[in-house]
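Chain by chain, the residues run as shown.
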Amino acid sequence: MERVTLVALLLCLSAGALLVQAEDPYLFFDWKVTYGTIAPLGVPQQGILINGQFPGPRINCTSNNNIVVNVFNQLDEPLLLTWAGVQQRKNSWQDGTLGTMCPILPGQNYTYHFQVKDQIGSYFYYPTVGLQKAAGGMGPLNVHSRDLIPVPFDRPADEYNVLVGDWYTKGHKALKNMLDSGRSLGRPDGIQINGKSAKVGDNVEPLFTMEPGKTYRYRVCNVGLKTSINFRIQGHPLKLVEIEGSHTVQYDFDSLDVHVGQCLSVLVTADKEPKDYYFVASSRFIKVPLSSVGIIRYTNGKGPASPELPPSAPVGSAGIAWSMNQFRSFRWNLTASAARPNPQGSYHYGQINITRTIKLVNSESRVGGKLRYAINGVSHIDTPTPLKHAEYFGVADKLFQYNLVKDDGSAVNTPAPTIAPSVLNATFRNFVEIIFENHEKTIQTYNLDGYSFFAVAVEPGTWSPEKRKNYNLLDAISRHNVQVYPGSWAAIMTTLDNAGMWNLRSDMQHRAYLGQQLYFSVLSPARSLRDEYNLPDNQPLCGGIVEKLPLPAPYTA
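Residues numbered from 1 in each chain as written. Predicted model: local features only at pLDDT ≥ 70, side-chain atom pairs only at ≥ 80, totals over all residues. Heavy atoms only, no water.

K.L.:
What exactly am I supposed to notice about the overall build of the chain here?
P.N.:
The secondary structure content of the chain amounts to 4 helices and 36 strands. A compact globule built from 557 residues would reach a C-alpha radius of gyration of about 24 Å, and the chain, at 23 Å, matches this within 12%. Judged by the C-alpha coordinates and their principal axes, the chain covers about 70 × 60 × 50 Å. The buried share of the chain, reckoned over its 557 residues, is 58%. For the chain, contacts bridging at least 24 residues in sequence account for 77% of all contacts bridging at least 6. Roughly 21900 Å² of accessible area belongs to the chain as shown, and the carbon and sulfur atoms make up 53% of that amount. (Helix = DSSP H or I, 4+ residues; strand = E, 2+ residues; numbered from the N terminus. Rg over C-alpha atoms; globule rule 2.2 N^0.38 Å. Buried < 20%, exposed > 50% of the residue type's maximum accessible area, 1.4 Å probe, protein only. Contact = heavy atoms within 4.5 Å. Areas by Shrake-Rupley, 256 points an atom, 1.4 Å probe, with all protein chains shown as cover.)

K.L.:
For this particular structure, what's the right way to read the sheet that holds strand β36 (residues 517–523)?
P.N.:
The strands that make up a sheet are held in pairs by hydrogen bonds between backbone atoms, and each pair lies either parallel or antiparallel. Strand order in the open sheet made by the 5 strands is β28-β36-β35-β30-β33, with mixed pairing throughout. In the strand order of this sheet, the two ends are held by β28 (423–427) and β33 (481–484), each with one partner. Across the sheet, the mean angle separating the axes of adjacent strands is 20 degrees when strand polarity is ignored. Pairing geometry for β28 and β36, over 5 bridges, is parallel. Of the residues in β36, the one forming a bridge with N425 is S521. (Pairing = 2+ DSSP bridges. Axes fitted to C-alpha atoms, helices over the stretch in contact; angles between N-to-C directions.)

K.L.:
Is there a simple way to explain helix α1 (residues 172–180) in this structure?
P.N.:
Residues three or four positions apart in an α-helix share a direction because the helix packs 3.6 residues into each turn. Those residues of α1 lying buried are H172, L175, M178 and L179. Viewed along the axis of α1, the buried residues span an arc of 115 degrees, placing them on a single side of the element. On the buried face of α1, the contacting elements are β4 (26–38), β5 (45–50) and α4 (509–513). Of the residues one or two after α1, G182 is the one with positive phi, at around 100 degrees. (Arc of directions from axis to C-beta.)

K.L.:
Looking at this structure, I do not really get the sheet that holds strand β23 (residues 291–298). What am I missing?
P.N.:
Pairing is mixed in the open sheet, where 5 strands are placed in the order β14-β23-β22-β16-β20. Unpaired on one side and paired on the other, β14 (208–210) and β20 (256–258) mark the two borders of the sheet. The average angle at which neighbouring strand axes cross in this sheet is 30 degrees, direction not considered. Bridge count for strand β16 (residues 228–233) against β20 is 3 bridges, and the pairing is antiparallel. Bridging from a neighbouring strand, N230 pairs with D257 of β20. The strands touched by helix α2 (residues 316–329) are β16, β20 and β22 (276–284); relative to β20, the strand with the most contacts, the crossing angle is about 90 degrees.

K.L.:
Just checking my understanding: could you explain the packing of aromatic side chains for this structure?
P.N.:
To describe a pair of aromatic rings, one takes the distance between the centres and the angle between the planes. On inspection of all chains with the given rule, the structure shows 27 aromatic pairs. Judged by centre distance (5.9 Å) and plane angle (75 degrees), the rings of F253 and F330 are edge-to-face. Here the residue F253 occupies a position in strand β19 (residues 252–253), and F330 occupies one in the loop between α2 and β24 (356–367), the gap between them amounting to 77 residues. Members of the aromatic cluster, joined through ring pairs, are F29, W31, W83, Y110, Y112, F114 and Y125. (Phe/Tyr/Trp six-rings, centres within 6.5 Å; stacked < 30°, edge-to-face > 60°.)

K.L.:
Which parts of the structure should I look at to understand the side chain of N472?
P.N.:
Relative to the assigned elements, N472 resides in the loop between β31 (453–460) and β32 (478–479). By relative accessible area, which is 14% here, N472 ends up buried. Discounting residues that sit within four places of it in the chain, N472 has contacts with R331, Y349 and V456.

K.L.:
Would you mind showing me how to read the pattern of salt bridges here?
P.N.:
Side chains that differ in sign of charge can pair as their charged atoms come close. Applying the stated criterion across every chain, the model contains 23 salt bridges. K239 is the partner of D252 in a salt bridge, and the nearest nitrogen-oxygen pair spans 3.2 Å. Of this pair, D252 sits in strand β19 while K239 sits in strand β17 (residues 238–243), and the two are 13 residues apart along the sequence. Between K359 and E437 there is a salt bridge, and its shortest N-O distance comes to 3.8 Å. Note that K359 is positioned in strand β24 and E437 in strand β29 (residues 431–438), a separation of 78 residues in sequence. In this structure E437 comes out as buried when scored by relative accessible area, which is 3%. Each of E159, R217, R219 and E242 takes part in salt bridges that share partners, so that together they form one network. (Salt bridge = Lys/Arg side-chain N within 4 Å of Asp/Glu carboxyl O.)

K.L.:
I'm lost on α2 in this one. Help?
P.N.:
With 14 residues, α2 should reach 20 Å at 1.5 Å per residue; the first-to-last C-alpha distance of 20 Å fits that figure. Along α2, the residues classified as buried are G319, S323, M324, Q326 and F327. Burial along α2 is one-sided: seen end-on, the buried residues are contained in an arc of 155 degrees. (Expected span 1.5 Å × (residues − 1).)

K.L.:
Even after reading the chapter, I still don't get the side chain of T494, so can you show me in this structure?
P.N.:
Tracing the sequence through the fold places T494 in strand β34 (residues 488–495). At 2.9 Å, the side chain of T494 forms a polar contact with the backbone oxygen of S452. Leave out the neighbours within four places in its chain, and T494 touches N430, F431, V432, L448, Y451, S452 and F453. (Polar contact = N/O pair within 3.5 Å; in protein donor to acceptor, adjacent residues only side chain to side chain.)

K.L.:
Any chance you could explain the environment of Y251 here in plain terms?
P.N.:
When you line up the elements, Y251 lands in the loop between β18 (246–247) and β19. Along the chain, Y251 and T418 lie 167 residues apart, while their C-alpha atoms are 45 Å from each other. Excluding residues within four positions of it along the chain, Y251 makes contact with L238, K239, L240 and S329.

K.L.:
It is not clear to me how the nonpolar core should be interpreted in this structure. Could you clarify?
P.N.:
Soluble, globular proteins show a tendency: their nonpolar side chains are buried together. Counting residues in each nonpolar core, the largest one holds 45 residues, and the members touching the most others are Y218, F231, L256, L264, V266, V456 and Y471. When residues no more than four places from it in sequence are discounted, the contact partners of L264 are Y218, R219, V220, F231, L240, E242, I243, L256, D257 and V258. Residues I375, L496, W502 and L518 belong to the second largest nonpolar core, which totals 34 residues. (Core = buried A, V, L, I, M, F, W, Y, C linked by side-chain atoms within 4.5 Å.)

K.L.:
Looking at this structure, I do not really get the pairing of β17. What am I missing?
P.N.:
Across a regular strand the side chains alternate sides, sitting on one face of the sheet and then on the other. Summarising burial for β17: 5 of the 6 residues are buried, a large majority. Of the strand pairs in this sheet, β17 and β19 are connected by 2 bridges, and their pairing is antiparallel. Bridge pairing in β19 places K239 opposite D252. Judged from the 4 bridges that link them, β17 and strand β21 (residues 263–269) form a sheet pairing that is antiparallel. Of the residues in β21, the one forming a bridge with I243 is L264. Bridge count for β17 against β18 is 2 bridges, and the pairing is antiparallel.

K.L.:
Looking at this structure, I do not really get the confidence of the model for the chain. What am I missing?
P.N.:
Caution applies to low-pLDDT parts of the model: their predicted coordinates are not meant to be read in detail. Looking at the chain as a whole, the pLDDT averages 93, with 94% of positions reaching at least 70. In this model residues 1–21 is a low-confidence stretch, pLDDT under 50, and it forms 34 contacts with partners more than four residues away in sequence or in other chains. Under a pLDDT of 50 for its full length, residues 341–346 has, in the predicted model, 12 contacts with residues more than four places off or in other chains. (pLDDT = per-residue confidence, 0-100.)

Encoded structure:
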């Protein structure tokens, strides 16, 4: 059940004076997380449902809203939800990763409370424990601009969320056991679109309907485990308008690649012959292609969709070049307003001096016959006590060692990775450059919690300082996820202005689970509530290291 209420006034006492100020609206949600039978590929299997739904409930909110989600875990295993792309300003306590929070134990509940501060865009939430994402537990999260903020396109007739991704018919526990035993996941069994799949000619209910002459916004997210997706709509151009919270220069595309963990918005106008049309999703960069279709129906439609599908994007090396060029065509709309404190166009990131360059190289190896993935030779493991808790209570040295990962990308070619918690110290408010280098034959995607970054380059080969001349230092998209093609590199830039413990992970779920992730520890020396919130009163402690320690002196204003 959803409850929406406006908290109009906040009374707080500061320095002996009574202050009265308006507070942003609150949205309240109660979610029961259970198992249930689902069949995204037509094969009944156990799934993870939220309030009986897969995909889960949609969160529709507005920039600066406060979101309160009371999650009841009715599974037989621990649970955490992360809100991918939500920056959780000053509030890594709510980020939903095992490095920042204790999981919600079976039969218990936890109330997330966070603000979508100075953000707009298309995002999604999903479970982060084990391979639970392979069973569902995910849903869309839309952040709208406030009414006073102009949007660079007319209000659409309606908005549709499309959660698309690869899918396995094995259950999430079986998939986890496969990884734990040293085996790989193998190839997916198919592609699901909003929990369903179909092939050309199937008699299925439409995913969406459109009225002739009207324009609709499709928010498309790749929620899969490991496979990039190309999508297109039969007979209709896709006008790209937003990527992960940034309005884009608007171009029409016949099809778009969306990589694992990424979201984007397109406008589609119903100006064709009134009938059914196929929404087509097909795999990218895998040997055995997969595809699925769904029906988009005109409300006065009088005919089935044509069996002739629009062509897929090129494959092989030509497909990588095509996809890379598409990435380069994405540009930030510098004339559009935005939710962030620095309006789009006023933040000249290309003129800021880089204070630190970090090169991160992914690798695959076997340790004791079991598969491990690593970054710069360090394969991360989660700890019973969250890293953030140990750091907050001043006992980090009992749990982990900082800076095992070196900035220069070294330790990649060691025979076996170091298996340990991986935490990098970072200086608050530094402007950093992060290079991702992929020497493997499979595409990678990376997600950085807590921030948006400027994805300034994706290029073939290996990186060197001379490659900076190829950076887009004017209008690169500000986003939270970037892809790195096989035998290629990507460069991002960001200001580490959000204090907390922030997860940088492969969005390929199996790779993150087996170690391809790390955390940035970004501490404010001021210990001020202006920079970071205190440990929430309702947050449980766990792991045996901090539970009996006295609470640290709280941060103050």
